[in-house]
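Structural features, examined
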Amino acid sequence: MLQQSVEKQWYGKPHWLWLLAPLSLVFWGLSRVRKPLQTLGAKPLTCPVIVVGNIAVGGTGKTPLIIALANTLINAGFSPAIVSRGYGVEIKTPTLVPPNGDTLIFGDEPVLVANSCACPVIISQNRTAAVIAAQQTYGCDVVLSDDGLQHYRMARSFEIAVFDGARGIGNGWCLPVGPLRELSSRLDSVDFVVINGEGELPHTSKKPVVHFSLQPMGWVNVKTGRSKALSPLPWLAETGNNKHRILAVAGIGNPQRFFNTLTELGAFFNPKPHADHHIFTEYDFELANGGPVVMTAKDAVKCRDLAESNWWYLAVEASLPLALAQAVIDHCKQWPKVG
């Protein structure tokens with residue numbers, strides 16, 4: 001498939017993608033011009049705005065990280081809000097995401113975050129308007145932006161760039177030859193570089209670099225919401241049969257990371273990867289034949305109406321590096337409380 005071929009070259013050696021090198025140079029040039037132009041129009045900040053994003057396309061574990069940051073800030077006495085553009089979302093004015101909202105309306109990641117955090121999650125095509133609403137409508141004193149590292153119209157006070165340790169910056173080229181939205185030198189201007197898992201970046205950032213990991217916490221039934229421990233695997237506890245392969249689906253940025261985790265947990269499965277933000281239908285589960293299905297939490301919020309009683313998702317939690325948590329808290333303490 002074309003998508004798989006492109007991604008393989010992004011994170012390996014380009015072959016036919018070299019033909020698109022002139023477009024990469026144009027993309028890089030436009031990004032250099034766009035940043036100062038958008039920054040000029042940014043409105044002054046009245047509270048800390050912390051951007052959690054990346055310079056490479058694809059899954060990095062950014063969403064669990066922002067959930068962990070929000071919960072850390074709440075425990076430290078702050079009142080955070082999370083703002084998001086929402087993939088494929090057409091909502092133009094700031095709108096509060098309900099925990100059980102329709103992912104076709106609000107987006108899969110905003111609904112997942114709203115399910116996981118006791119704080120407002122606000123989506124809008126206009127991120128700056130969402131930041132203002134977080135303060136004026138919901139009385140929040142710190143805003144976390146889920147992605148938006150390249151959205152320079154939104155002023156920010158703290159930037160966190162997140163990477164997949166296994167993928168890093170790929171072949172180092174900007175789109176479309178490589179996976180980068182900006183050159184790796186952009187990392188010199190962020191406050192923290194955070195790497196999911198092991199691995200190092202070839203570019204040595206002048207800013208702190210820390211690692212985190214996603215820790216499996218347990219299994220949750222997609223249909224009923226009931227939780228089970230990691231072991232024994234819930235479908236084994238019910239059937240006692242690990243010889244029949246279950247169906248594992250993943251519509252995330254890096255499905256292989258999820259499949260690797262399932263293997264580590266002792267699951268015997270048929271993997272079925274999908275594109276990030278895939279909209280699931282009943283036909284995606286025909287191979288299950290009525291048997292158990294496992295998926296990620298991000299996929300589960302899109303499958304609640306389809307789910308059978310033997311469908312499970314793996315709940316994970318980001319292990320927030322202490323240095324990053326303390327730096328964010330210290331940064332927020334420097335600002336006067338809203339109101």
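Everything in this summary refers to the structure shown in the same document. (Residues numbered from 1 in each chain as written. Predicted model: local features only at pLDDT ≥ 70, side-chain atom pairs only at ≥ 80, totals over all residues. Heavy atoms only, no water.)

Things to note about the nonpolar core
One finds Leu-65, Ile-82, Ile-160, Leu-324 and Val-328 to be the most contacted residues of the largest nonpolar core, which totals 41 residues. Among the elements that take part in this core, helix 3 (residues 62–75) stands out by supplying seven residues, more than any other. If we ignore the near neighbours within four places in the chain, the residues touching Leu-324 are Leu-65, Ile-160, Phe-192, Val-194 and Val-210. Counting residues in hydrophobic clusters, the runner-up holds 25 residues, among them Val-49, Leu-149, Ala-161 and Cys-174. (Core = buried A, V, L, I, M, F, W, Y, C linked by side-chain atoms within 4.5 Å. Buried < 20%, exposed > 50% of the residue type's maximum accessible area, 1.4 Å probe, protein only. Helix = DSSP H or I, 4+ residues; strand = E, 2+ residues; numbered from the N terminus. Contact = heavy atoms within 4.5 Å.)

Some thoughts on the side chain of Thr-60
With respect to the element layout, Thr-60 can be found in the loop between strand 1 (49–53) and helix 3. On the basis of relative accessible area, Thr-60 is assigned to the buried category, the value being 7%. At 3.5 Å, the side chain of Thr-60 and the backbone nitrogen of Lys-62 are in polar contact. Dropping the residues within four chain positions of it, Thr-60 is found in contact with Asn-54, Val-162, Phe-163, Asp-164, Asn-196 and Phe-212. (Polar contact = N/O pair within 3.5 Å; in protein donor to acceptor, adjacent residues only side chain to side chain.)

Thoughts on the environment of Gly-59
Locating Gly-59 in the fold gives a position in the loop between strand 1 and helix 3. Sequence spacing of Gly-59 and Arg-257 is 198 residues, and the spatial spacing of their C-alpha atoms is 9.4 Å. The residues contacting Gly-59, other than those within four sequence positions of it, are Asp-164, Gly-253 and Asn-254.

A closer look at the pattern of salt bridges
Tallied over the full model, the rule gives 10 salt bridges. For Glu-159, the salt bridge goes to Arg-186, with nearest N and O atoms at 2.8 Å. With Glu-159 in strand 6 (residues 158–164) and Arg-186 in the loop between strand 6 and strand 7 (192–196), the pair connects residues that are 27 residues apart, well separated along the chain. By the burial criterion, Glu-159 is buried, and Arg-186 matches it. (Salt bridge = Lys/Arg side-chain N within 4 Å of Asp/Glu carboxyl O.)

Here we look at the pairing of strand 7
Of all five residues in strand 7, five are buried; the element is thus mostly enclosed. Covered by surrounding structure in strand 7 are Phe-192, Val-194 and Asn-196 together with Val-193 and Ile-195, the residues of both alternating faces. Where strand 6 lies against strand 7, five bridges are found, and the strand directions are parallel. Pairing of Ala-161 across the sheet is with Val-193, part of strand 7. Inspection of the sheet shows strand 7 paired to strand 8 (residues 209–212) by four bridges, in the parallel sense. Bridge pairing links Ile-195 to His-211 in strand 8. (Pairing = 2+ DSSP bridges.)

Structural notes on the state of the cysteines
Within the structure shown, the criterion is met by zero disulfides. Just so you know, Cys-140 is unpaired, no disulfide at all, and the nearest cysteine sulfur is the one on Cys-119, 7.1 Å from it. With a relative accessible area of 2%, Cys-140 lands in the buried category. (Disulfide = S-S within 2.5 Å.)

Concerning the sheet that holds strand 12 (residues 269–273)
Taken in spatial order, the six strands of this open sheet run 10-9-14-13-11-12, and their pairing is mixed. Where the open sheet ends on each side, the last strands, each with one partner, are strand 10 (227–228) and strand 12. Two strands pair when backbone bridges link them, and strand 13 (residues 293–296) and strand 14 (residues 311–318) are joined in this way by four bridges, in the parallel orientation. In the sheet register, Val-293 faces strand 14, and the bridge partner there is Trp-311. This element, helix 8 (residues 255–264), spans strand 9 (214–221), strand 11 (246–250), strand 12, strand 13 and strand 14 of the sheet and lies at about 170° to strand 12. (Axes fitted to C-alpha atoms, helices over the stretch in contact; angles between N-to-C directions.)

Things to note about the pairing of strand 11
Of all five residues in strand 11, five are buried; the element is thus mostly enclosed. Because side chains alternate across strand 11, one face comprises the buried residues Ile-246, Ala-248 and Ala-250, and the other comprises Leu-247 and Val-249, equally buried. Direction of pairing for strand 11 relative to strand 12: parallel, over a ladder of five bridges. Opposite Val-249, over in strand 12, you have Lys-272 as the bridge partner. For the segment spanning strand 11, helix 8 and strand 12, crossover handedness is right-handed. Across two bridges, strand 11 lies against strand 13 in parallel orientation. Each residue of the ladder has a partner; that of Leu-247, found in strand 13, is Val-293. (Right-handed = clockwise from strand over helix to strand, strands pointing away.)

Observations regarding unusual backbone geometry
Note the cis peptide between Leu-175 and Pro-176, where omega equals 0°. Cis geometry is found at the peptide bond from Ser-231 to Pro-232, where omega equals 0°. Position of Pro-232 among the secondary structure elements: in the loop between strand 10 and helix 7 (234–239). Of note, Asp-147 is a non-glycine position whose phi angle comes to about 75°, a positive value. Inspection of the secondary structure puts Asp-147 in the loop between strand 5 (142–146) and strand 6. We note that Asn-289 has phi near 55°; this positive angle belongs to a residue other than glycine. The topology assignment puts Asn-289 in the loop between strand 12 and strand 13. Given the relative accessible area of 72%, Asn-289 is considered exposed.

Function cannot be read off these values alone, since they describe shape.
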